[in-house]
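As a plain string of letters, each chain reads:
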Amino acid sequence: MTGRTAGLRHSLLTKIFASVSLTLLAGVAGWTWFNMHHHQQTTMAHMVTGADRLSNTIRLASHYAMLHNSRDDLRQIIRNVGRQSDVEAVRIYDKHGTIQFSSLYSEVGQTTNIKAEACDVCHREDPPRTSVPLDQRTRVFTAPSGSRMLGILTPIHNEPSCSGPPCHFHPPDKTVLGALDMVISLREADASLAGYQRNSIALAALVFLFTTYIILLFVLRFVKEPVLALIQGTRRIARGEQIPMDDLDEADEMGQLVAAINRMGRDITAKQAELNRQRDEYQGLFEAVPCLITVQDRNYRLLQYNREFAERFAPQDGDYCYHAYKGRDERCENCPVEKTFRTGRPHFSEEAGLNKDGSRAYWLVHTKPIRNERGEVVAAMEMCLDITQRKLLEEKLERSEQKYHAIFNQIPNPVFVLDRQTLDILDCNDAVLPVYGYTREQLLGTWFLALFAGGDPAEHAARIRSEGAMNQVRHKTSGGQPIYVDLSLAASEYAERPVLLAISRDITHRLETEQQLIQASKMATLGEMSTGVAHELNQPLSVIRTISGFFMRKLGRKEPVDEKTFILMAEGIDQNVERAARIIEHMREFGRKPGLRLERVHLDAVLRKAFDIFDQQFKVRGIAPRWELAESLPPVLAEPNRLEQVVINLLINARDAIEEKRATAGEDAPLPGDGEDDAQAAAPDEVRLRTLVRDGRVVMEIEDTGAGIPPAVAEKIFEPFFTTKEVGKGTGLGLSISYGIVKDYGGTIHAGSVPGGGACFRVEFPPAPEEPAEQG
C-alpha cells in the first residue's frame, strides 16, 4: 500500500491533475467571490441612491407645507410615506435634536442625543458642518428585531423664502434648520443577496466538479496512455527494435515524439555516412586550396602536401622542406616548424625564396602542431600564403609615397596636415618657411590655431571643421607680422587617422593691390562728388558770411546789438562751423585707407552716414529720398569705411540714372521754387533706401526712378571697367569694386529693373554671430 501511494505521489498523472485542479479551484473560487462581492456592492449602491432620492422627494414635497407652517399637512405627508412596506420610519428633527414630525406617533416630541450616530456626522465638529457627502450621511445598522436597516440623514437648509415673506420665521444667519431622517428596511434586499450567493456557490461547485472530471478523462486518454506506450517503445529501441506506429496518432505531440525517437536510430547511421563524406570533402579541399600546405616530421621531411605545393615545387619522395622550398641542404635559421616542435605552439613568420622557375617569391608562413592520442607533437602542419603580389604592390606604394611626398614638398603654397579633433599640425611642407618664417620641425606638433592673429579660437576651430574654405584669414609670422591668407580645407586620412588638409595662400600683396585700386576709386568718387561737397560747404559758409556782415555793419555804425540777437547769431555761427567741420571730417574719413579688420556694423547707420553727402545734391536736383528702414536690424560683420563706399557708389549710380532719364526725355528736372503747375505736371523722382530681414539675411535695397537697366547689359554690370556713361563721366570700377567688397564680407549683390521704370540694387549679408556673454 505504501509503494502504491508513493507511486501515485510521483506519478505524472497525479501532478498534472492536482496542479490543474488546484488552479481551477482557485480561479472558480476567486471568480465566485468577486461576483458576489460586486453584486452586493451594486445592490447597496442602488438602495442608497433610491433612499436618497426618496428622502429628497419627501423634502421637496413638504417644502410648501413648511413654508406656510402647515403642521397638519406635514404630519399627513410623513404618515403617508411611512405606510410603505419597506419604510420603517420617517423623522424630522429641529436644530436641537427634537423630533417634530415622525411616522411613529410615539416619537414626536422626543429629544435625541445630538451626539448620536445619526447626528454625529454633522455635530462632531464645532460649529456643525452644513454640507456632508452622501456616503457620510448614510448608515447601516441592525434593528432589535435582527433585521438590517438603512438610514439616510438629509439636512434641511435655510432658504431666502424661510427668512422673508411669507414665512419670516427663521433668521437669515441660520444655515441649517433641521434634518430629515429616513430609515428603510433591508430585509428583502438581504434575502435576495443570500439567494444569489447560494446560487453562485452551487453553480461554482458544479462547474468545478464537471471541469475536474473532464480534465481527468483528458489526462487519462491523451497523457497517461501515450506516455506508457512511449516507455515501452524506448525499451524496444534499447533492444534495437522500432516502435510500432499503427496504434499512435503521429499528428499529435506524443505521436511525433515516438516518430522522432524512431528516426533517431536511422539518423545515427546517416550521420556516420555524412561524416565519411565530409572527411572526403575536406581532403578534396586540402588538395584544392590555393595555398601551400605541408605536413612535416621532426626531421622536416615532407609526410604530406597538397596539389598546389606539388605543382609549384615538384618535390621528390622523402624530400625535405628546406630543399623543396629553397633548394637548401640544411634547414633555415629562422624555421617556424622547428619552433613549433620545440614549444608545442603555433608560430607565424614571413619568408622569402625562389620558385621552381627561379623567380623571387614571398610567403606568409603559419605552423600548427599535430598531436597523437597521448598529446605528444608527432608532426607539424605548415601553411604558406603567397604574398608576392602584395609585396610588389607595397614596394610600388612606397615609391609612390616617396613621389607624392616630393610633390607635397614642392607645392608652392603652405600645406598643413591637421588632426581632425585637436587641430594639431601632424605634417606640413617646406613652403611654410618663406610664408610664415617657421621651419617644418618647429611647426610639427604645435596647435594650428596658434598661427591665427586675434579672434576667438573656438570660433576658428568650428569654422575649420565645418567649412570648406575660409577667406581673408588673419595669420601671423614667426616675427609677429600679420599676413592675410585664404584657407582651403578638405577631409582626408593620414597614417590611418582622420585628418584635415589645410592649404594656405598668402593674399597679403593681392589685398594691398586691391586696397590701392579701391583707394583710387575713392579718390575718383571724391573728385566726382567735389561739386556737391562744395555746395554742401557753401551753405554753412554763406550763413557765417551773412552773420559776420551783420556784425561788421553794426560795428561800422557803432550800433549796439542786443544780447538776445548776439547769442542767436553766435549760436548760428557755431552750428554752421560744426556742420562744415562734420562734412570735412566725413570726407577725410571716407578718403583714408580702410583697415581689414571686421567689426559689427549696422546697415542703417552706414546708409544714413553715406547719404549725408548727397542730401543737398538730391534737394538741388529735385530727387526726394524715401526711407524705409526696419526696426531692430541685426548687425553684420564688415568694415564700415568700405561698406560706406558701396553705398556711395550705388547712390551715385541712382543720381546719374535719374539725370540720364531726364536728359533722354528732353526735360529739365523740376527745381525747388518752380511754379505750381510745373510741380504738378511731373511727379518728383525718388531714391528709396530700404533695409529689412529676409530668410534670415540682412538686406539693403537702393531703388531709383531712373532709366532702369537694359537686359543686354544686366549680366555685365559688375564687370571691371564696364560703364554705360559717356566718356569722362565714369571709370567703370564703382560697381565692380562694390561687388568685390560685398563678396569679401560673405554677401551678395544683385541688380534688376523695377516695373514702371528704374533700377534696384539689393545687397544681402549674413547676420553677425552673437557675441559671447561676458563672464561675471
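1. A word on the overall build of the chain
- Helix and strand counts for the chain come out as 24 helices and 22 strands.
- Every one of the 776 residues in the chain was classed for burial, and the buried ones make up 36%.
- Partitioning the intrachain contacts of the chain with sequence separation of at least 6 by distance along the chain shows that 56% fall at a separation of at least 24.

2. A few points about the environment of Asn 158
- By the element assignment, Asn 158 lies in the loop between β4 (148-157) and α7 (160-163).
- The buried category is assigned to Asn 158, whose relative accessible area is 15%.

3. Quick notes on helix α4 (residues 71-82)
- Between its first and last C-alpha atoms α4 spans 16 Å; for 12 residues at 1.5 Å apiece the expected length is 16 Å, and the two agree.
- For α4, the set of buried residues is Leu 74, Ile 78 and Val 81. Down the axis of α4, the smallest arc covering the buried residues is 60°, so these residues share one side.
- Buried residues along α4 sit in contact with α2 (12-61), α3 (63-67), β1 (87-94) and β2 (99-102).

4. Comments concerning the nonpolar core
- Ranked by size, the top nonpolar core spans 39 residues in total, and within it Leu 603, Leu 643, Val 647, Leu 651, Val 687 and Phe 765 carry the most contacts.
- When residues of this core are traced back to their parent elements, those giving at least two are α20 (603-611), β18 (636-638), α22 (640-665), β19 (685-694), β20 (697-704), α24 (734-744) and β22 (759-765).
- Of the residues forming this core, the biggest block, 9 residues, is contributed by α22.
- Counting 23 residues, the second largest nonpolar core, distinct from the first, contains Leu 418, Leu 449, Leu 500 and Ala 502.

5. Examining the sheet that holds β19
- Strand order in this open sheet of 5 strands is β17-β19-β20-β22-β21, and the pairing throughout is mixed. Strands at the two margins of the open sheet, each flanked by one partner only, are β17 (623-628) and β21 (748-753). On average, each strand axis in the sheet is tilted by 15° relative to the strand beside it, whichever way the strands run.
- As paired elements, β21 and β22 share 6 bridges and run antiparallel to each other. Residue pairing for β22: Ala 751 is matched across the bridge by Phe 761.
- Packed onto the sheet, α22 meets β17, β19, β20 and β22 and runs at close to 145° relative to β19.

6. Quick word on unusual backbone geometry
- Of note, Tyr 300 is a non-glycine position whose phi angle comes to about 70°, a positive value.
- Structurally, the position occupied by Tyr 300 is in the loop between β6 (292-296) and β7 (302-305).
- Although it is not a glycine, Gln 472 sits at a positive phi angle of roughly 55°.
- Along the polypeptide, Gln 472 turns up in strand β13 (residues 469-476).
- Residue classification places Gln 472 among the buried positions, given a relative accessible area of 18%.

7. Observations regarding a nonpolar patch on the surface
- Taken together, the side chains of Trp 31, Leu 203, Leu 206 and Val 207 define a hydrophobic patch exposed on the protein surface, amounting to about 410 Å² of accessible area.
- Of the residues forming the nonpolar patch, the biggest block, 3 residues, is contributed by helix α8 (residues 187-238).
- Of the residues examined, Trp 31 reaches a relative accessible area of 49% and is grouped as partly exposed.

8. Quick word on the sheet that holds β6
- Strand order in this open sheet of 5 strands is β7-β6-β10-β9-β8, and the pairing throughout is antiparallel. Two strands close off the open sheet at either side, each with one partner strand: β7 and β8 (347-354). If you compare each strand with its neighbour and ignore which way they point, the axes differ by 30° on average.
- In terms of strand pairing, β6 meets strand β10 (residues 377-386) through 5 bridges, oriented antiparallel. Looking at the pairing, Ile 293 lines up with Met 383 of β10.
- In the packing of helix α12 (residues 336-343) onto the sheet, the strands contacted are β6, β8, β9 (360-371) and β10, and the crossing angle to β10 comes to about 145°.
- Packing against the sheet, helix α13 (residues 388-410) makes contact with β8, β9 and β10, and its axis sits at approximately 135° to β9.

9. Let's talk about the confidence of the model for the chain
- Per-residue pLDDT for the chain has a mean of 77; in total, 76% of the residues score no lower than 70.
- Confidence drops under pLDDT 50 across residues 667-681; counting only partners more than four residues distant or on other chains, this segment forms 9 contacts.

10. A word on the packing of α20 against α22
- Direction vectors running N to C along α20 and α22 enclose 55°, while the axes themselves pass 9 Å from each other. Relative to α22, the element α20 lies oblique. As for how α20 packs across α22, the hand of that crossing is right-handed. Each of Leu 603, Val 606, Leu 607, Lys 609, Ala 610 and Phe 611 in α20 lies in contact with α22, whose residues at this interface are Leu 643, Glu 644, Val 647, Ile 648 and Leu 651.
- In the contact of α20 with α22, the residues fall into 9 nonpolar, no polar and 2 charged.

Conventions and cut-offs
- Residues numbered from 1 in each chain as written.
- Predicted model: local features only at pLDDT ≥ 70, side-chain atom pairs only at ≥ 80, totals over all residues.
- Heavy atoms only, no water.
- Helix = DSSP H or I, 4+ residues; strand = E, 2+ residues; numbered from the N terminus.
- Buried < 20%, exposed > 50% of the residue type's maximum accessible area, 1.4 Å probe, protein only.
- Contact = heavy atoms within 4.5 Å.
- Expected span 1.5 Å × (residues − 1).
- Arc of directions from axis to C-beta.
- Core = buried A, V, L, I, M, F, W, Y, C linked by side-chain atoms within 4.5 Å.
- Pairing = 2+ DSSP bridges.
- Axes fitted to C-alpha atoms, helices over the stretch in contact; angles between N-to-C directions.
- Patch = residues over 30% accessible without salt bridge, like charges linked within 9 Å, V, L, I, M, F, W, Y side chains within 5 Å.
- Areas by Shrake-Rupley, 256 points an atom, 1.4 Å probe, with all protein chains shown as cover.
- Salt bridge = Lys/Arg side-chain N within 4 Å of Asp/Glu carboxyl O.
- pLDDT = per-residue confidence, 0-100.
- Parallel < 35°, antiparallel > 145°, perpendicular 65-115°, else oblique.
- Left-handed = near helix turned anticlockwise from the far one by under 90°.
- Nonpolar A, V, L, I, M, F, W, Y, C, P; charged D, E, K, R; others polar.

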